[in-house]
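Observations on the model geometry
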Amino acid sequence: MKKENITNENYKKMKTKITLIIAALLMVTNFSFAQQDEECMLNLTMFNDNVKSKKYDEAYEPWMKVRNKCPKFNISIYKYGEKILNHKIKNATGTEKVAFINDYMLLLDQGGENFASKYSKGEIAEEKALLKYENKKDLGLTDMQIYEAFDNVYENHKADFKSTKGLYVYFTKTVDLFKSGKFELQKVFDKYDDVNDQLEGLNDQYSKSLNKLIEKETAGTTLTKKDGKYKKFYQQSLAANDKISGSLDAYIGELANCENLIPLYKKDFELNRTNGVWLKRAVSKMYNKECTDDPLYIELVKAYDQADPSADTKYFVSTVLRKEGKTAEADRYLKESYDMQTDPIKKARMAKKTANDLKKRGSYGAARTYYREALKLNPSDGTPHLYIAAMYAKSANSCGSDSFNKRAVFWYAAQEARKAGQVDPRLKSNAAKTAASYQANAPSKSDIFSQNMAGKTITIGCWIGGSVKVPSL
């Protein structure tokens, strides 16, 4: 819109707004006042206002004018431009839609050229890959082309590959291409491990950052508005990644079973006998898919411990020793494994894994010790509370002198389950449902009345060793 088309009053208002924006821009850019273009400033103001009001069609023309004439003028040309083009893509069809998609990709490249610090090459490549996937049909792309777009991000810009959706698509396209005969089965397992490693690495980063904020809150410091936003972002990112991890397992389905894994690893074992990464993945997959009864598992574990001894290898050696009945030796290796780990998030993960093994063997007291250690190391992960609660519930019949006291253990279990939702928003719904199911097994109001137990405290014996207060009527 040109000046002559604006009323004098509106123009004065616009000029005032322009002056204010120029002042703000001078504080955040390296451009001198002489380099500011009044027409670009006017159009920048117009498209900014329209985007904020979600009037994307009205924003398009002034935005294009600034983009073409003053490409380095302000970062909002690109950040707001993405919103404008997203709207255009959603509301267009046919060749017009394809033109907007291609223009979006061009905009990302231009953002990288003019504001390199805000648009890294990896972020651009990731965003382009997602655009191609989301508009695969309109662009006439094949599964292989979609896979290659994400593979480019993984191979060349791994540190920037953070999109949960992108990682999921990257893996699922690998499976689809295997099913269509384009890839070997080993490729599927390799990509499964690649994507899971990437998710695990991202989760480690998010958990560490989130734990710092939780420590800050626990110490009594009120989080700033910015801290609050980061806390929400980390929690949401962890929840999304957890969901995707489960989806990957579902998508790989029966491909990752012992019948497929054992011959595959046997075939490649000699070639990879000293390859620590390959051995780690093979051992982990065999362990997770419960293929540990096969003699190959023992060979893989021994080779892994020789090729790249670590906290991980000591843990897997302990599983072999335990299967051979060498319990004391297995426990020594397990402790060595745990003590060797120094990274708090990885140590927390190992504590949970150790606790899970102890829980399976019925060593509930020892398992709880490791679960509590995991909670200390990674306070943003509430799952250990649920596992501890499950052990309490399972022990109810063994930890009370009479029926009332035994069922009172379910109050204790419910109390523990609720803690999971309190420390970990991802578990809020699950924790509430679990606590409610335990509560339903606890003594009823009529039981409390008939036993005259309202408000009294019950000491819980056996390995639990706690106490619970009976609800008042």
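Placed above this text is the structure.
Okay, so let's go over this structure. Keep in mind it's a predicted model, so treat the numbers as computed, not measured. (Residues numbered from 1 in each chain as written. Predicted model: local features only at pLDDT ≥ 70, side-chain atom pairs only at ≥ 80, totals over all residues. Heavy atoms only, no water.)

Regarding the overall build of the protein chain
Assigned secondary structure in the protein chain consists of 22 helices and two strands. What you see for the protein chain is a C-alpha radius of gyration of 29 Å, clearly larger than the 23 Å of a compact globule of 473 residues, by over 25%. Summarising its shape, the C-alpha atoms of the protein chain cover approximately 90 × 65 × 40 Å along the three principal directions. Going through the 473 residues of the protein chain one by one, you find that 48% of them count as buried. Within the protein chain, counting contacts between residues at least 6 apart in sequence, those at least 24 apart form 61% of the total. Put simply, the protein chain shows about 24800 Å² of open surface, and 50% of that area lies on carbon and sulfur atoms. (Helix = DSSP H or I, 4+ residues; strand = E, 2+ residues; numbered from the N terminus. Rg over C-alpha atoms; globule rule 2.2 N^0.38 Å. Buried < 20%, exposed > 50% of the residue type's maximum accessible area, 1.4 Å probe, protein only. Contact = heavy atoms within 4.5 Å. Areas by Shrake-Rupley, 256 points an atom, 1.4 Å probe, with all protein chains shown as cover.)

Description of the state of the cysteines
In protein structure, a disulfide is the covalent linkage between the sulfur atoms of two cysteines. Under the defined criterion, the tally for this structure stands at three disulfides. At a sulfur-sulfur separation of 1.9 Å, the disulfide partner of C40 is C70. Across the S-S bond of C40 and C70 the torsion is about 75°, and the bridge reads as right-handed. Residue C40 is located in helix α2 (residues 38-52), and its partner C70 is located in the loop between α3 (56-69) and α4 (76-90); the two are separated by 30 residues in the primary sequence. For the residue pair C40 and C70, the accessibility class agrees, reading buried in each case. (Disulfide = S-S within 2.5 Å.)

Looking at the packing of aromatic side chains
Per the stated rule, a full pass over the model turns up 26 aromatic pairs. Aromatic side chains Y60 and F100 sit 6.1 Å apart centroid to centroid with 90° between the ring planes, which places their arrangement in the edge-to-face category. With Y60 in helix α3 and F100 in helix α5 (residues 94-114), this pair connects stretches of sequence that are 40 residues apart. When its relative accessible area of 22% is taken as the criterion, Y60 is described as partly exposed. (Phe/Tyr/Trp six-rings, centres within 6.5 Å; stacked < 30°, edge-to-face > 60°.)

Thoughts on the packing of α3 against α5
Interaxial distance between α3 and α5 falls to 14 Å at its minimum, and their mutual angle equals 40°. Judged on the interaxial angle alone, α5 and α3 are oblique. Pair α3 / α5 crosses with left-handed handedness. Side by side, α3 and α5 meet where Y60, W63 and R67 of the first sit next to F100, D103, L106, L107 and Q110 of the second. (Axes fitted to C-alpha atoms, helices over the stretch in contact; angles between N-to-C directions. Parallel < 35°, antiparallel > 145°, perpendicular 65-115°, else oblique. Left-handed = near helix turned anticlockwise from the far one by under 90°.)

A word on the nonpolar core
Ranked by internal contacts, the top residues of the largest apolar core, which has 61 residues, are F150, F171, I252, M286, Y297, L300 and F316. If one sorts the elements of this core by residue count, helix α10 (residues 185-218) sits on top with eleven residues. Beyond its immediate stretch of four places on either side in the chain, Y297 contacts V283, M286, Y287, C291, T292, F316, T319 and V320. Counting residues in hydrophobic clusters, the runner-up holds 41 residues, among them L386, A413, L427 and V468. (Core = buried A, V, L, I, M, F, W, Y, C linked by side-chain atoms within 4.5 Å.)

Describing the side chain of S395
Positionally, S395 belongs in the loop between α19 (383-394) and α20 (403-423). The class for S395 is buried, based on a relative accessible area of 6%. With residues near it in sequence (within four places) discarded, S395 still touches Y364, W463 and I464.

Description of α19
Compared with the 16 Å implied by 1.5 Å per residue over twelve residues, the 17 Å span of α19 between its first and last C-alpha is a close match. In terms of burial, α19 is largely enclosed, as nine of its twelve residues are buried. Where α19 is concerned, the buried positions are T383, P384, H385, L386, I388, A389, M391, Y392 and A393. Looking at the packing, one finds that the buried side of α19 touches α17 (344-360), α18 (364-377), α20 and α21 (428-441). (Expected span 1.5 Å × (residues − 1).)

Remarks on the environment of M286
As for its placement among the helices and strands, M286 is situated in helix α13 (residues 276-288). Put simply, M286 and Y297 are eleven residues apart on the chain and 6.8 Å apart in space, counted from C-alpha to C-alpha. With residues near it in sequence (within four places) discarded, M286 still touches L261, I262, Y265, C291, T292, L296, Y297 and L300.

Side note on the pattern of salt bridges
Opposite charge on two side chains allows them to pair when their charged atoms are near. Scanning the entire structure with this criterion turns up 34 salt bridges. A salt bridge links D268 to K267; the nearest nitrogen and oxygen atoms lie 3.2 Å apart. According to the relative accessible area criterion, D268 is buried, its value standing at 15%. For K267, a relative accessible area of 60% corresponds to the exposed category. Taking the shortest distance from any N to any O, the salt bridge between R322 and D331 comes out at 2.8 Å. (Salt bridge = Lys/Arg side-chain N within 4 Å of Asp/Glu carboxyl O.)

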